[in-house]
Structure formats: structure tokens, C-alpha cells
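Commentary on secondary and tertiary structure
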Amino acid sequence: VQLQASGGGLVQAGGSLRLSCVASGRTFSNYAMGWFRQAPGKEREFVAVIRWSGGNTYYADSVKGRFTISRDNAKNTVYLQMNSLKPEDTAVYYCAAGILGTYIKNYDYWGQGTLVTVSS
């Protein structure tokens, strides 16, 4: 599976962005899709994941109620809608495909990352 993430950019605190991740290669719908992020000087951390069927979603406590993950298997695309953004959300965001879970080791395939910068 090849993953291409996009949609990052510069936004003011309180604003919104929608990230997209398009998959190609193996059957997209077989995989759980996750979003992770890595801020400067910090380790990569889990943000959100959605089951292959789209029926189950899980979020990090830090984004719960502000971010929404969704997928469109017909378009081989997973989305991350980010609302009420905070400066601490600034990071490179990565999409990943693998087994449902919150650990990096659950995911075999990774996109290249897209930078989100939230100004105060």
C-alpha cells in the first residue's frame, strides 16, 4: 500500500483543516487506517484510527471532540477533520495502514507526512 497525505498548512488557533490520505496498491478496505503526528523534538504519537469498515473510531484524549476521522473506501481515502485547532496541535501528520490499534507497531505502511502549523 502506498499512502499520500495532503491538506496540511498554516492556520490560526481556533481554525480548521482537513487532511486527506489517498491509498494505492493493495486493497485499501482490508486495513485499519490511522493518523499519527510528530511535533518537533517529540516522539510520534497516535491521533486517531478507523476500522476497515468505518464502524469503529478511536481518538487520543488530546483531540477527542475536536478531530474526526472518516474514510471513503470507494475513493481509497481517509480523512482527518481537525477543528478548534490549538498551537500544541502543530506537528507533521502521518497516515498509516495496518491493524486496528493505537501503537506504531500495528501499522506496516506509512505516508510521507503533511505539516500542520497552528499559530497563536
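Scroll up for the structure.
The following paragraphs examine the structure supplied in this document. Keep in mind that this is a model prediction, so the values were computed, not measured.

Thresholds applied
Once a new chain begins, its residue numbering starts again from 1 and follows that chain's sequence as written. With the structure being a predicted model, the display of local features is reserved for residues of pLDDT at least 70 and the display and counting of side-chain atom pairs for 80 or more, all residues being used for whole-chain, interface and lining totals. Values reported for side chains reflect all heavy atoms of the structure, with hydrogen atoms and water molecules removed beforehand. Runs of H or I in DSSP of at least four residues are treated as helices and runs of E of at least two as strands, each being numbered from the N terminus. The buried label goes to any residue with under 20% of its type's maximum accessible area, the exposed label to any with over 50%, and the partly exposed label to all in between, with areas taken from a 1.4 Å probe on protein chains only. Buried residues of nine kinds, namely Ala, Val, Leu, Ile, Met, Phe, Trp, Tyr and Cys, make up a nonpolar core once their side-chain atoms join them within 4.5 Å. The rule for a disulfide is simple: a pair of cysteine sulfur atoms within 2.5 Å.

**As for the overall build of the protein chain**
When helices and strands are counted, the protein chain shows zero helices and eleven strands. Written out in order from the N terminus, the α and β elements of the protein chain read β-β-β-β-β-β-β-β-β-β-β. Here the C-alpha coordinates of the protein chain stretch approximately 40 × 25 × 25 Å along the principal axes. Burial statistics for the protein chain: of 120 residues in total, 43% are counted as buried.

**Regarding the nonpolar core**
In a soluble, globular protein the nonpolar side chains are often hidden away together inside. In this structure, W35, L80, M82 and Y93 are the most contacted members of the largest nonpolar core, which totals 36 residues. Elements with a contribution of two residues or more to this core: β1 (2–6), β3 (17–24), β4 (32–38), β5 (45–50), β7 (67–72), β8 (77–82), β9 (91–98) and β11 (114–119).

**Things to note about the state of the cysteines**
Considering all chains together, one arrives at one disulfide under this definition. Two residues, C21 and C95, share a disulfide whose sulfurs are 2.1 Å apart. In this structure the cystine formed by C21 and C95 twists about its S-S bond by roughly 60°; its chirality is therefore right-handed. In this pair, C21 is assigned in strand β3 and C95 in strand β9, connecting sequence segments 74 residues apart. Taking the relative accessible area as the measure of exposure, C21 reaches 0% and is therefore buried.

Everything listed here is a matter of coordinates, which is why it stays silent on function.
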